[in-house]
There are 2 protein chains.
Amino acid sequence: MGRPATLSRGSIIAAAALLVREHGVEALTVRRLGEAVGCDPTALYRHFETMADLEREVGDRFLRAVDVRAREGDDWRATVRRICVRLRRVQLRQPRLAALVSAAPTRLANEMRITEALLRELDRAGFAGDQAATAYHALIELTVGSAAIDAPLASQPAGTRRRTYNDWRREYAELSPTESPASVAAADHLYLGSADSRFEAALDLLLDGISAQQRIH
Amino acid sequence: MGRPATLSRGSIIAAAALLVREHGVEALTVRRLGEAVGCDPTALYRHFETMADLEREVGDRFLRAVDVRAREGDDWRATVRRICVRLRRVQLRQPRLAALVSAAPTRLANEMRITEALLRELDRAGFAGDQAATAYHALIELTVGSAAIDAPLASQPAGTRRRTYNDWRREYAELSPTESPASVAAADHLYLGSADSRFEAALDLLLDGISAQQRIH
DNA sequence: GTTAGTTTGTCAACGGCGTTGACAAACGTT
DNA sequence: AACGTTTGTCAACGCCGTTGACAAACTAAC
């Protein structure tokens, strides 16, 4: 009964996801989304309580894209690494929601799926329950945390990003050599390459530490 | 020459910091800040290029509280650990500002001070420039990132926090043992203790990995 | 001492944002 | 045919950051 709906939660979320994918997260506004689905912006409020609501749903849809399957022949470390890299990639695609999701685990299906995959690999590696939990927390904090940090810049075009990193590196280089000798000395190596490569280097260091625990029990 | 100034960068930043401390970071708008300092909102643009500019300064002012001095007799690892723990503590004390600071490096005095202290310790440890930079990035990503994650919960009372962690742990325990065996097995160890202890465990694992690099060159 | 130039704060306004409440259209039910 | 309900439309509210024209208040030059 009632006027027949031309919109639905599903179609709106799909349009929103497309909007984010094509024009970035900053394009996800109620007005632009209304235009995208071809209706008045306020009609969206018939299907979502609030804009944050809609963003959560879009975020969950993006989380679905995290593939947790292990590649044949990969050991636990390679698999864990791949899952973290993939999780980060998906989080960077939706920076605004990263803060919301990282504020508290959603404990929804997709997050549980990722958790299970990580813990399964750690179990396969022979870690005891408490060691596995500690390693899991460390991995998640680094992955989700660094994604939250990098998200704002990740949403900008590649050229802008590179210019920003160059600017930062130059600022370190131009510090006083007497007051900040270590910064000046390391300036050439700071913020070099992409944020992704820096994250992966950090992840490798953490995995080194976790691996070392493997042999001590 | 020119009309005498009634405002200054310093007084504006002080007022902004007070505004954030009392009403949260969401209260830091050009209009409310104008009202706080008793001038027209647009007058602030005589002293700051943009609002993001001002936010960076406010963020850096909060970083003043981070003590980077090494304790006598401590080695590089203990000092680095202490700096990271202190940085995290300051970030968590101003949870709403943590997001603001973590969005992008402020590249202002206090952040440079912390960076210099960390890089100096890593240099003291014998790391080459690129190794020191990689370790620095890893430490910052974990520290600032995990602070950004934990900040929302850290602002709530301890009782609420513990109850939340208990709830999460129970949810993992109540998963299907056939579908999520690893989660169920590790449930007793997940989200145990404080967020601080989890962070410090992660930090120790990362430092293990960094230390291992020390011997390989 | 008047004039010119510069700095600084004020004012009105722009275009954006999320959100609300009144209203009209289109349906199933009575 | 009348009713109640659902759904989209419309105008508007109060925020937001930011801009450009303008007035006030000082220094420097003539």
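Definitions and limits used
Residues numbered from 1 in each chain as written. Chains lettered and ligands numbered in written order. Predicted model: local features only at pLDDT ≥ 70, side-chain atom pairs only at ≥ 80, totals over all residues. Helix = DSSP H or I, 4+ residues; strand = E, 2+ residues; numbered from the N terminus. Buried ≥ 20, exposed ≤ 12 C-beta atoms within 10 Å, placed from the backbone. Contact = placed C-beta atoms within 7 Å. Least-squares fit on C-alpha atoms with pLDDT ≥ 70 in both. Near = placed C-beta within 6 Å. Nonpolar A, V, L, I, M, F, W, Y, C, P; charged D, E, K, R; others polar. Core = buried A, V, L, I, M, F, W, Y, C linked by C-beta atoms within 7 Å. Expected span 1.5 Å × (residues − 1). Axes fitted to C-alpha atoms, helices over the stretch in contact; angles between N-to-C directions. Parallel < 35°, antiparallel > 145°, perpendicular 65-115°, else oblique. Left-handed = near helix turned anticlockwise from the far one by under 90°. pLDDT = per-residue confidence, 0-100.

Participant: Can you help me understand the overall build of chain A in this one?
Facilitator: Across its full length, chain A holds 10 helices and 0 strands. The order of helices and strands in chain A, counted from the N terminus, is α-α-α-α-α-α-α-α-α-α. In chain A, buried positions account for 38% of the 217 residues. Contacts spanning at least 24 positions in sequence make up 68% of the contacts within chain A whose residues lie at least 6 apart.

Participant: Is there a simple way to explain the relation of the copies chain B and chain A in this structure?
Facilitator: One chain copy maps onto the other through a rotation about an axis and a shift parallel to that axis. Relative to chain A, chain B is turned by 177° and slid 1.2 Å along the rotation axis, the superposed coordinates differing by an RMSD of 2.7 Å. As the rotation angle and translation indicate, the two copies are arranged about a two-fold axis. Here 100% of the interface residues in chain B have copies in chain A that are interface residues too; the copies meet face to matching face.

Participant: What am I meant to see in the protein's contact with DNA strand C here?
Facilitator: Taken together, 24 residues lie near DNA strand C, and A:Thr29, A:Met51, B:Gly2, B:Arg3 and B:Asp40 sit nearest. With 3 residues, helix α2 (residues 30-37) of chain A is the largest single contributor of residues to the surface near DNA strand C. Within the surface near DNA strand C, the residues separate by chemical class into 11 nonpolar, 7 polar and 6 charged.

Participant: Before we go on, may I ask you to explain the nonpolar core in this structure?
Facilitator: One broad trend across soluble globular proteins is that nonpolar side chains are buried collectively. Formed by 97 residues in total, the largest nonpolar core has its most connected members in A:Leu139, A:Leu206, B:Leu139 and B:Leu206. Setting aside residues no more than four positions away along its own chain, B:Leu206 makes contact with A:Leu205, A:Leu206, A:Gly209, B:Ala138, B:Leu139 and B:Leu142. Counting residues in hydrophobic clusters, the runner-up holds 10 residues, among them B:Ala16, B:Leu19, B:Leu33 and B:Val58.

Participant: I keep staring at the interface of chain B and chain A and nothing clicks. Help me out?
Facilitator: Much of the literature gives interface size as the accessible area that the parts lose upon coming together. Taken together, the contacts link 49 residues of chain B with 49 residues of chain A. Of all the secondary-structure elements, those providing two or more residues to the side of chain B that touches chain A are α5 (95-103), α6 (109-124), α7 (129-154), α8 (158-173), α9 (181-186) and α10 (195-215) of chain B. When residues of the side of chain B that touches chain A are assigned to their parent elements, the largest contribution, 16 residues, is made by α7(B). Per-class residue counts for the side of chain B that touches chain A are 28 nonpolar, 11 polar and 10 charged.

Participant: What should I look at first to understand the protein's contact with DNA strand D in this one?
Facilitator: In the region of DNA strand D, 24 residues are neighbours, and A:Gly2, A:Arg3, A:Cys39, A:Asp40 and B:Thr29 sit closest. Per element, the largest residue contribution to the surface near DNA strand D is 3 residues, and it comes from helix α2 (residues 30-37) of chain B. Classifying every residue of the surface near DNA strand D by side-chain character gives 11 nonpolar, 7 polar and 6 charged.

Participant: Can you walk me through helix α4 (residues 76-93) of chain B in this structure?
Facilitator: Note that an α-helix has 3.6 residues per turn; residues three or four places apart therefore point the same way. Compared with the 26 Å implied by 1.5 Å per residue over 18 residues, the 26 Å span of α4(B) between its first and last C-alpha is a close match. B:Trp76, B:Thr79, B:Val80, B:Ile83, B:Cys84, B:Leu87, B:Arg88, B:Val90, B:Gln91 and B:Leu92 are the residues of α4(B) that are buried.

Participant: Explain the packing of helix α1 (residues 9-23) of chain B against helix α3 (residues 51-63) of chain B to me, please; I cannot follow it from the model alone.
Facilitator: Pairs of packed helices are described in terms of their axes, by the angle between the two and the distance that separates them. All names here are of chain B. Interhelical geometry of α1 versus α3 gives an angle of 70° and a closest axis separation of 9 Å. The orientation of α1 with respect to α3, classified from their angle, is roughly perpendicular. Facing α1, whose interface residues are Ile13, Ala16, Ala17 and Val20, α3 presents Leu54, Glu57, Val58 and Arg61.

Participant: Looking at this structure, I do not really get the packing of helix α4 (residues 76-92) of chain A against helix α7 (residues 129-154) of chain A. What am I missing?
Facilitator: Residues and elements named next belong to chain A. Two elements in contact, α4 and α7, have axes separated by 9 Å at closest approach and are oriented at 35°. Seen along the crossing, α4 lies across α7 with a hand that is right-handed. Contacts from Val80, Cys84, Leu87, Arg88, Gln91 and Leu92 of α4 reach α7 at Leu139, Thr143, Val144, Ala147, Asp150, Ala151 and Ala154. Of the residues in the contact of α4 with α7, the class split is 9 nonpolar, 2 polar and 2 charged.

Participant: Can you walk me through the confidence of the model for chain A in this structure?
Facilitator: Parts of the model with low pLDDT should not have their predicted coordinates read in detail. A residue-level look at chain A finds 91% of positions with pLDDT of 70 or above and a mean pLDDT of 88. Mean pLDDT per element in chain A: helix α5 (residues 95-103) of chain A is the minimum at 57, and α2(A) is the maximum at 96.

Participant: What's the story with the environment of B:Ala16 in this structure? I'm lost.
Facilitator: With respect to the helices and strands, B:Ala16 occurs in helix α1. It is 31 Å that separates the C-alpha atoms of B:Ala16 and B:Ala138, two residues lying 122 residues apart in sequence.

Participant: Explain the environment of A:Met51 here, please?
Facilitator: Residue and element names in this part refer to chain A. Locating Met51 in the fold gives a position in helix α3 (residues 51-63). Residue classification places Met51 among the partly exposed residues on the basis of 14 C-beta atoms within 10 Å. In this structure, the C-alpha to C-alpha distance between Met51 and Val30, residues 21 residues apart in sequence, is 7.3 Å.

Participant: Which parts of the structure should I look at to understand the environment of A:Gly145?
Facilitator: Examined against the element boundaries, A:Gly145 turns out to sit in helix α7. In this structure, the C-alpha to C-alpha distance between A:Gly145 and A:Arg88, residues 57 residues apart in sequence, is 9.3 Å. Setting aside chain neighbours within four positions, we find A:Gly145 in contact with B:Glu141, B:Leu142, B:Gly145, B:Ser146, B:Ala148 and B:Ile149.

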